[in-house]
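Residue-level structural notes
The chain contents come next:
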Amino acid sequence: MRRRINYSLIVGLKIIMVLIIFSSCIPQKKIKYLQPIHEDSTNRAVFTTPVYQEYHLSVGDNLYIKVRSLDENSNNFFNNMGNDNRNSGYNDASIYLNSYTVDPKGNIVFPFIGPVQVLGKTIDETQQIVADVLNDYLKETTIIVKLVNFNITFVGEVRRPGEYKIYQDKINIFEAISLAGDISEYGNRNEIKLLRMTDEGTAMHIIDLTSENILESPFYYLKPNDVIYIEPLKGKQFAFATFPYALLFSTITTVIVLLTFLNVK
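Residues numbered from 1 in each chain as written. Predicted model: local features only at pLDDT ≥ 70, side-chain atom pairs only at ≥ 80, totals over all residues. Heavy atoms only, no water.

Turning our attention to helix α4 (residues 123-134). Along its 12 residues, α4 runs 17 Å from first to last C-alpha, staying within 8% of the 16 Å computed at 1.5 Å per residue. When we look at burial in α4, the residues that qualify are Ile123, Thr126, Val130, Ala131 and Leu134. Looking down the long axis of α4, one finds its buried residues gathered within 135 degrees of arc, a one-sided arrangement. Against β1 (62-68), α2 (72-78), β3 (107-110) and β5 (142-147) lie the buried residues of α4. (Helix = DSSP H or I, 4+ residues; strand = E, 2+ residues; numbered from the N terminus. Expected span 1.5 Å × (residues − 1). Buried < 20%, exposed > 50% of the residue type's maximum accessible area, 1.4 Å probe, protein only. Arc of directions from axis to C-beta. Contact = heavy atoms within 4.5 Å.)

As structure tokens, then:
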């Protein structure tokens, strides 16, 4: 009778242990990027990268504008960062405070020149507009225009959530994710939610990073002020990122102790 009880106990514990382990491990399919469409195939060798859509300025955007001229007095006059601000340096705060904000009418107010309409223009178009305006006052000038508020925000299952400033003209989804330390093992890579501001409001797009098709997606490149939310996988609280050897050995040890105790009895 005791042998039958011990045998049933062993079988029951083994079944429970196997169910726990195999139901809790995260499969590779859920965490691998850029998987081929068909499981029995390999990745394509060539992808058609989507054309980057230039960002068009909207109300509230901040622009850093630098005027380079042969006349030093003109430089100090037209640049926000003149002699009075040399000690502030070129850190994020000083650049932001000395930037030009697109007002509700779509203008930036430039020193001496007055309002300049830039709403809906790209950075290159804005640079040319400012240069054309200044050519009436200065000769042989060089204009530098940069978008100050190019920020990407990560929330959810990333290793370092938060807002990140982008110091380049464009950035793709993988470059941005690397800034946040990659998605954690428990992040749902199949349904990344991309929140993007539009003229009508906030639009939400679903991105699948496990598919190689992301390389040809119109959302491969990010836009200023995009918010990326990574949901946790279902059953995260019961999942294991790696095989739980410690739990396995602990369970085996517990079974041996129980059996020994029953035999002694």
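If you walk across this open sheet you meet the 5 strands as β7-β6-β10-β8-β9, and the pairing is mixed. Whereas interior strands pair on both sides, the edge strands pair on one side only; in this sheet they are β7 (162-165) and β9 (201-207). Shown here is a sheet whose adjacent strand axes are inclined to one another by a mean of 20 degrees, direction ignored. The sheet contact formed by strand β6 (residues 151-156) and strand β10 (residues 226-230) spans 5 bridges and is parallel. Looking at the pairing, isoleucine 152 lines up with aspartate 226 of β10. (Pairing = 2+ DSSP bridges. Axes fitted to C-alpha atoms, helices over the stretch in contact; angles between N-to-C directions.)

What follows covers the nonpolar core. Core analysis: the biggest nonpolar cluster contains 47 residues, and Ile65, Phe110, Phe154 and Ile228 have the highest contact counts within it. For this core, the secondary structure elements donating two or more residues are β1, β3, α4, β5, β6, α5 (173-179), β8 (192-198) and β10. Broken down by element, this core gets its largest block of residues, 4 residues, from α4. Apart from the residues lying within four places of it in its own chain, the contact partners of isoleucine 228 are Ile152, Thr153, Phe154, Val155, Ile173, Ile192, Lys193, Leu194 and Leu222. (Core = buried A, V, L, I, M, F, W, Y, C linked by side-chain atoms within 4.5 Å.)

This paragraph deals with the pattern of salt bridges. Close approach of charged atoms lets side chains of opposite charge pair. Taken as a whole, this structure holds 5 salt bridges when the rule is applied. A salt bridge links glutamate 212 to arginine 44, with the nearest nitrogen and oxygen atoms 3.7 Å apart. Taken as a pair, glutamate 212 in the loop between β9 and β10 and arginine 44 in the loop between α1 (2-24) and β1 lie far apart in primary sequence, 168 residues in all. Classification of glutamate 212 as buried rests on a relative accessible area of 3%. Glutamate 231 serves as the salt-bridge partner of lysine 193, at 2.9 Å between the closest nitrogen and oxygen. Of this pair, lysine 193 sits in strand β8 while glutamate 231 sits in the loop between β10 and α6 (245-264); the two residues are 38 residues apart in sequence, bridging distant segments of the chain. Within this structure, Arg44, Glu212 and Glu216 form a network of salt bridges that share partners. (Salt bridge = Lys/Arg side-chain N within 4 Å of Asp/Glu carboxyl O.)

Attention now moves to a negative patch on the surface. Taken together, Glu54, Asp124, Glu125 and Asp169 make up a surface patch of like negative charges. Counting through the fold element by element, glutamate 54 comes out in the loop between α1 and β1. The class for glutamate 54 is partly exposed, based on a relative accessible area of 43%. (Patch = residues over 30% accessible without salt bridge, like charges linked within 9 Å, V, L, I, M, F, W, Y side chains within 5 Å. Areas by Shrake-Rupley, 256 points an atom, 1.4 Å probe, with all protein chains shown as cover. Lys, Arg positive; Asp, Glu negative; His and termini not counted. Charge placed at Lys NZ, Arg CZ, Asp CG, Glu CD.)

The next point concerns the pairing of β1. Counted residue by residue, β1 has 6 buried out of 7 residues, so it is predominantly covered. As paired elements, β1 and strand β2 (residues 100-101) share 2 bridges and run antiparallel to each other. Bridge assignment links asparagine 62 to a residue of β2, and that residue is threonine 101. The sheet contact formed by β1 and β5 spans 6 bridges and is antiparallel. Residue pairing in the sheet places isoleucine 65 in a bridge with valine 145 of β5.

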